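One-letter residues, chain by chain:
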Amino acid sequence: MSKGFFGDISPIQYEGPDSENPLAFKHYNPDELVMGKTLRDHLRFAICYWHSMVWPGTDPFGGQTFDRPWFGDSMAHAKHKADVAFDLFSILGAPYYCFHDADVRPEGADFAENTRNLNEITDYFGEKMSETGLKLLWGTANLFSHQRYMSGGATNPDPDVFMFAAATVKTCMDATHRLGGENYVLWGGREGYETLLNTNMGRELDQLGRFLTMVVDYKHKIGFNGTILIEPKPQEPTKHQYDFDVATVYGFLKRYGLENEVKVNIEQGHAILAGHSFEHELAVAGALDIFGSIDMNRNDYQSGWDTDQFPNNVPEMALAYYQILSLGGFSTGGTNFDAKLRRQSIDPVDLVAAHVGGMDCCARGLKAAARMLEEGKLSGAVEERYAGWDKKDAASMMSDKWSLEQITDYVETNGVNPKPVSGRQEILENLVNRYV
Ligand code: XLS
Ligand code: NI
Ligand code: NI
């Protein structure tokens, strides 16, 4: 490993909960078996390129605070960045990473140069991946930063932009496929509108549906076995985004006949922005059978922005992983740290420590969730709550055997007169407290 940017920081070891070493795992022991599976395989951690390697520490009131030797526009800078990125992945022992095209290659003068640059860096990644055994959780295209996308990518009023975006997505799917990526993500930061005064919403939705249909067709054409994922978010940067939340995405997929082809990548911070809890979004995806992957971060609950902070709230993580484990865990998905440092955290050690803490927090949450699931007290209470539905007459109501008239008849003949039953919320909340 190059001794460059991270100096003498060596690969992070598991030292257990009593360790006081800030650069050791206290809860994430990758080899620990939980419900018959290692924590490594449960959590499937991925490090994101954009926040960790690209973001310069800016905010709306101030410029760059991070001095990174790889900041710059040349291919040499891009390769230097890749070297340091892979050092970071190895130090953390994370099995996966994720990237946008714009994170990893310099912006070219035109489409052809963008593609050349992306392909060159894809080759470079390929070599590094076979040297290190690191894997790609997902790739994606940045269809929101460049000025050409200011009015959207797929939903742009200008068909030339739609075309440029579609061709760009093709190159990113090719790169993802070539690197053995396990998913391909579409997050539509600019797929939405600022004002209805200049927007034809029905047309824009049809454009987005057509775009996604082509993505799915191309996936099958090239034999990409990964999952196509949409990442919902209600707003920011666009005032109203079309992929508002999981339920909205499902309605969209249904309308364009894609509900069996596309799943969701759910981000904690986006759930909060949509006025939901993270576990709500996970449960909706589970109920509608479109759960795919997660972007792990937390929002500042006061600011109302997507502040993308590293997770540090174990009880929240426990409830989230409880949903995920209840769904049988990840298949192609994983836990991507879509989280960035605070802009005052300018040292290399901050980047490592942030991930160590986030990984520990997730591991602790997952272990608590596994205990909750294995002991079955919570699921037992839910089963008991719905036990009436196992009875024969109740089952007939759910099948098409009974109509409203027959039910009315039944109520009259049997004198059905329901008695209220406690929901036991506080008792269940107290129960959760025992695990976290
Ligand atoms: C922004 C999104 C973005 C996606 C990938 O809010 O979270 O980072 O994860 O385009
Ligand atoms: Ni995200
Ligand atoms: Ni986000």
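Calculation rules
Residues numbered from 1 in each chain as written. Chains lettered and ligands numbered in written order. Predicted model: local features only at pLDDT ≥ 70, side-chain atom pairs only at ≥ 80, totals over all residues. Heavy atoms only, no water. Helix = DSSP H or I, 4+ residues; strand = E, 2+ residues; numbered from the N terminus. Expected span 1.5 Å × (residues − 1). Buried < 20%, exposed > 50% of the residue type's maximum accessible area, 1.4 Å probe, protein only. Polar contact = N/O pair within 3.5 Å; in protein donor to acceptor, adjacent residues only side chain to side chain. 1 Å grid on protein atoms, 1.4 Å probe; cavity = no way out; pocket = protein on both sides within 12 Å on 5 of 7 lines; lining within 4 Å. Points joined across faces, edges and corners; volume = space filled by probe spheres on them. Nonpolar A, V, L, I, M, F, W, Y, C, P; charged D, E, K, R; others polar. Contact = heavy atoms within 4.5 Å. Donors = N, O, S within 2.8 Å, 3.2 Å for Na, K, Ca; no water. Tetrahedral: all angles 85-135°; square planar, octahedral: opposite > 155°, others 65-115°. Pairing = 2+ DSSP bridges. Right-handed = clockwise from strand over helix to strand, strands pointing away. Phe/Tyr/Trp six-rings, centres within 6.5 Å; stacked < 30°, edge-to-face > 60°. Lys NZ or Arg CZ within 6 Å of the ring centre and 35° of its normal. Near = heavy atom within 4 Å. Areas by Shrake-Rupley, 256 points an atom, 1.4 Å probe, with all protein chains shown as cover. Axes fitted to C-alpha atoms, helices over the stretch in contact; angles between N-to-C directions. Parallel < 35°, antiparallel > 145°, perpendicular 65-115°, else oblique. Left-handed = near helix turned anticlockwise from the far one by under 90°.

Draft legend 1. The arrangement of helix α6 (residues 159-178) in detail. Given a rise of 1.5 Å per residue, 20 residues ought to cover 28 Å, and the 29 Å separating the end C-alpha atoms of α6 matches this to within 8%. Taken residue by residue, α6 has Val161, Phe162, Ala165, Thr168, Val169, Thr171, Cys172, Met173, Ala175 and Thr176 as its buried positions. Near the N-terminus of α6, the side chain that reaches the backbone nitrogen of Asp160, with its oxygen 2.8 Å away, is that of Asp158. Where α6 terminates, the next one or two residues include Gly180, which has phi positive at roughly 70°.

Draft legend 2. Quick peek at the layout of surface pockets. The volume enclosed by the second largest pocket comes to roughly 760 Å³. In terms of lining residues, the second largest pocket is bounded by 22 residues, among which Leu378, Ala381, Val382, Gly423 and Leu428 are the most central. Put simply, the parts of the chain that give the lining of the second largest pocket at least two residues each are α11 (314-326), α12 (348-375), α13 (377-385) and α16 (425-435). Looking at which element gives the most residues to the lining of the second largest pocket, the answer is α13, with 6 residues. Broken down by class, the residue content of the lining of the second largest pocket amounts to 11 nonpolar, 6 polar and 5 charged.

Draft legend 3. Representation of the environment of Leu134. Along the chain, Leu134 falls in the loop between α5 (111-132) and β7 (135-140). Excluding anything up to four places from it in sequence, Leu134 contacts Phe86, Phe89, Ser90, Ala94, Pro95, Tyr96 and Met129.

Draft legend 4. Layout of the coordination of the nickel ion (ligand 2). Distances from the nickel ion (ligand 2) to its protein donors, namely Glu231 (OE), Glu267 (OE), Asp295 (OD) and Asp338 (OD), fall within the range 2.0 to 2.1 Å. Viewed at the metal, the 6 donor atoms of the nickel ion (ligand 2) are separated by angles of 81 to 174°, and the geometry they form is octahedral. Separating the nickel ion (ligand 2) from the nickel ion (ligand 3) is a distance of 3.8 Å, and Glu267 supplies a donor atom to each of them. Remark: Asp338 occurs in the loop between β14 (335-337) and α12 and Asp295 occurs in strand β13 (residues 291-295); sequence separation between them is 43 residues. Residue Asp295 shares its accessibility class with Asp338, and that shared class is buried.

Draft legend 5. Highlighting the coordination of the nickel ion (ligand 3). In the first shell of the nickel ion (ligand 3), the protein supplies Glu267 (OE), His270 (NE2) and Asp306 (OD), at 2.1 to 2.4 Å from the metal. Read from N- to C-terminus, the donor residues coordinating the nickel ion (ligand 3) fall into the pattern E-x2-H-x35-D.

Draft legend 6. Spotlight on the pairing of β7. Counting buried positions along β7 yields 5 of 6 residues, so the element is predominantly enclosed. For β7 and strand β8 (residues 183-187), the ladder comprises 3 bridges, and the chain directions are parallel. Opposite Thr140, over in β8, you have Val185 as the bridge partner. You can see the chain leave β7, run along α6 and come back into β8, and the turn it takes is right-handed.

Draft legend 7. View of the packing of aromatic side chains. Under the definition given, this model contains 24 aromatic pairs. Judged by centre distance (6.0 Å) and plane angle (20°), the ring pair of Tyr97 and Phe99 falls under stacked. What links up through ring pairs into an aromatic cluster is the set Tyr49, Phe86, Phe89, Tyr97, Phe99 and Phe125. Between Arg434 and the ring centre of Tyr435, over which it is positioned, the NZ or CZ distance is 5.6 Å.

Draft legend 8. Expanded view of the site of ligand 1. Inspection of the region around ligand 1 gives Trp50, His100, Trp138, Trp187, Glu231, Lys233, Glu267, His270, Asp295, Asp306 and Asp338 as its neighbouring residues. At 3.1 Å from an oxygen atom of ligand 1 is found a side-chain nitrogen or oxygen belonging to Trp50. Note that an oxygen atom of ligand 1 is positioned 2.8 Å from one of the side-chain N or O atoms of Asp338. In isolation ligand 1 offers 290 Å² of accessible surface; the protein chains occlude 94% of this area.

Draft legend 9. Just the sheet that holds β8, in detail. Strands sit in the order β5-β6-β7-β8-β10-β12-β13-β14 around a closed barrel of 8 strands; the barrel is parallel. When strand polarity is set aside, the average angle formed by the axes of neighbouring strands in this sheet is 30°. In this sheet, strand β10 (residues 227-231) lies alongside β8 in parallel orientation, the contact comprising 5 bridges. Paired with Tyr184 across the strands is Ile228, a residue of β10. Together, β5 (45-48) and β14 form the strand contacts of α12, whose direction differs from that of β14 by roughly 150°.

Draft legend 10. Quick look at the side chain of Glu259. You can see Glu259 is positioned in the loop between α8 (246-255) and β12 (262-267). Polar side-chain contacts of Glu259 include one of 3.4 Å to the side chain of Lys254. In contact with Glu259, other than residues within four places in its own chain, are Tyr250, Leu253, Lys254 and Ile290.

Draft legend 11. Geometry of the packing of α6 against helix α7 (residues 201-222). Following both chains from N to C, one finds α6 and α7 inclined at 30°, their axes separated by 11 Å at the closest point. Considering their axes alone, α6 and α7 lie roughly parallel with respect to each other. For α6 against α7, the interelement crossing comes out right-handed. Across from Phe162, Ala165, Ala166, Val169, Lys170, Met173, Asp174 and His177 in α6, the residues of α7 making contact are Gln207, Arg210, Phe211, Met214, Val215, Tyr218, Lys219 and Ile222. Of the residues belonging to the contact of α6 with α7, the class tally is 10 nonpolar, 2 polar and 4 charged.

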